[in-house]
Amino acid sequence: MTNERNSLFDISGKVAVITGAGGVLGGSIALSLMKAGVKVVATDIRQENLDARVAELKQIHQDVIGVVSNVLDLDSLKELAGIVKEKFGRIDILVNCAGGNVPGATLREDQNVFDMKIEDWEKVTNLNTNGTVYPCLAFGEVMAAQGAGSIINISSMATYSAITRVPGYSVSKSGINIFTQWLATEMALKFGEKVRVNALAPGFFIGDQNRAVLINPDGSYTERSVKVLARTPMKRFGDISELNGAIQFLCSDAASFITGVILPVDGGFTAFSGV
Ligand code: NAD
């Protein structure tokens, strides 16, 4: 009985591509998938971070490669999909972690929306929108041909109601939600029920992209952090490892009838009215 239940969540032997694997959340997800026996293709635009990540992942097992890659370059992503197929024979999982805010696109306290530089708006919406859409096209095409695969996009709390100061980030992550639903529908209708597309909407985790707005240089919480925690029933930030269970669930047979969902992992932030 126990074995039967556990096998539902078994993802060993699968092949996963993780974008943004040099970052905080992508790194933790890569480690967790490796520990579950998955073969991992770790990609990131930053060579140095990727090298460090791959060295860490190799301590778990040797079925891992690191490839520097830009999620905004569709041709090179398609080339990478070919390399992965050649090396591992298939692609079962895609986790789209590359993304985040860009410094100039976060309005300072003393700015308003009319101060926003249009170049920064374009940078952040391009990175988060196309940086998810392009990998879905490059690696999703392999899954469609296989008639099986699981894509997991990364959305945000900034898609349920307005979070001040981050207009471009919020708009592009909201785009990821509808693209997730749209692609889930397209894949199931045209390529079969085994190609599933879902998203996680992480609550507040401390990552490189948001550290400066959540933590003061002296390590104390910023005023914004205090507001976030006041709206989080669990009264804490997420630990980066707390996305891993949801990832394993969504790409396992335990989620075989689940596609097109945006799953919050947020300590109750979206559930709570604040009152
Ligand atoms: P992070 O900055 O630590 O990692 C993001 C990674 O993406 C970095 O390693 C970066 O080099 C890489 N990257 C950036 N541009 C790229 C490009 N063009 N091509 C390839 N790689 C590129 O951020 P994180 O906290 O790990 O966040 C990962 C994802 O989760 C992001 O999409 C972010 O928006 C989302 N998210 C994070 C939080 C949080 O609280 N940390 C909350 C909600 C959503």
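Numbering of residues begins from 1 in every chain and follows the order in which that chain's sequence is written. Note on the predicted model: pLDDT of at least 70 is required for a residue's local features to be given, and 80 or more for side-chain atom pairs to be given and counted; whole-chain, interface and lining totals, by contrast, use all residues. To get the side-chain values, all heavy atoms of the structure are used, and hydrogens and water are removed first.

Visitor: Is there a simple way to think about the site of the ligand in this case?
Guide: Think of it this way: one heavy atom of a residue within 4 Å of a molecule or strand is enough to make that residue near it. L25, D44, Y169, K173 and F205 are the nearest of the 28 residues found near the ligand. For the ligand, whose accessible area on its own is 820 Å², the fraction buried by protein is 93%. Strands are runs of DSSP state E lasting at least 2 residues, helices are runs of H or I lasting at least 4, and numbering of each runs from the N terminus. When residues of the shell around the ligand are traced back to their parent elements, those giving at least two are α2 (24-35) and α6 (167-191). Class assignment of the residues belonging to the shell around the ligand gives a composition of 12 nonpolar, 12 polar and four charged. To measure how exposed things are, a 1.4 Å probe is used in the Shrake-Rupley method; for residues, cover is taken only from the protein chains shown. All residues other than Ala, Val, Leu, Ile, Met, Phe, Trp, Tyr, Cys, Pro, Asp, Glu, Lys and Arg, Gly among them, are scored as polar; the first ten of these are nonpolar and the last four charged.

Visitor: Hey, could you run me through the sheet that holds strand β4 (residues 93-96) in this one?
Guide: Two strands in a sheet stick together by hydrogen bonds in their backbones, pointing the same way (parallel) or opposite ways (antiparallel). A pair of strands is treated as paired once DSSP finds two or more bridges between them. Taken together, seven strands build an open sheet; the order of strands is β3-β2-β1-β4-β5-β6-β7 and the sheet is parallel. At either margin of the open sheet sits one strand with a lone partner, and together these are β3 (64-68) and β7 (262-265). Averaged over all pairs of adjacent strands, the angle between strand axes in this sheet comes to 20°, irrespective of strand direction. For strand β6 (residues 195-202) and β7, the ladder comprises four bridges, and the chain directions are parallel. Only C-alpha atoms enter the line fits that serve as axes; for helices the fit covers just the stretch in contact. Angles between N-to-C directions range over 0 to 180 degrees.

Visitor: Looking at this structure, I do not really get the packing of helix α5 (residues 118-146) against α6. What am I missing?
Guide: Geometry of a packed helix pair, given as the angle between the helix axes and the separation of the axes. One can describe the packing of α5 onto α6 by two numbers: an axis separation of 8 Å at closest approach and a directional angle of 15°. On the basis of their axis angle, the class for α5 and α6 is roughly parallel. Remark: the crossing between α5 and α6 carries right-handed chirality. Side by side, α5 and α6 meet where W121, V124, T125, N128, T129, T132, V133, C136, G140 and A144 of the first sit next to P167, G168, Y169, V171, S172, K173, I176, F179, L183, M187 and F191 of the second. Per-class residue counts for the contact of α5 with α6 are 13 nonpolar, seven polar and one charged. Every angle not falling under 35 degrees, over 145, or within 65 to 115 is termed oblique; those three ranges are roughly parallel, roughly antiparallel and roughly perpendicular. For a crossing to be left-handed, the near helix must be turned anticlockwise from the far one by less than a right angle; the clockwise case is right-handed. Every residue pair with non-hydrogen atoms within 4.5 Å of one another is taken to be in contact.

Read these as spatial facts, not as claims about activity.
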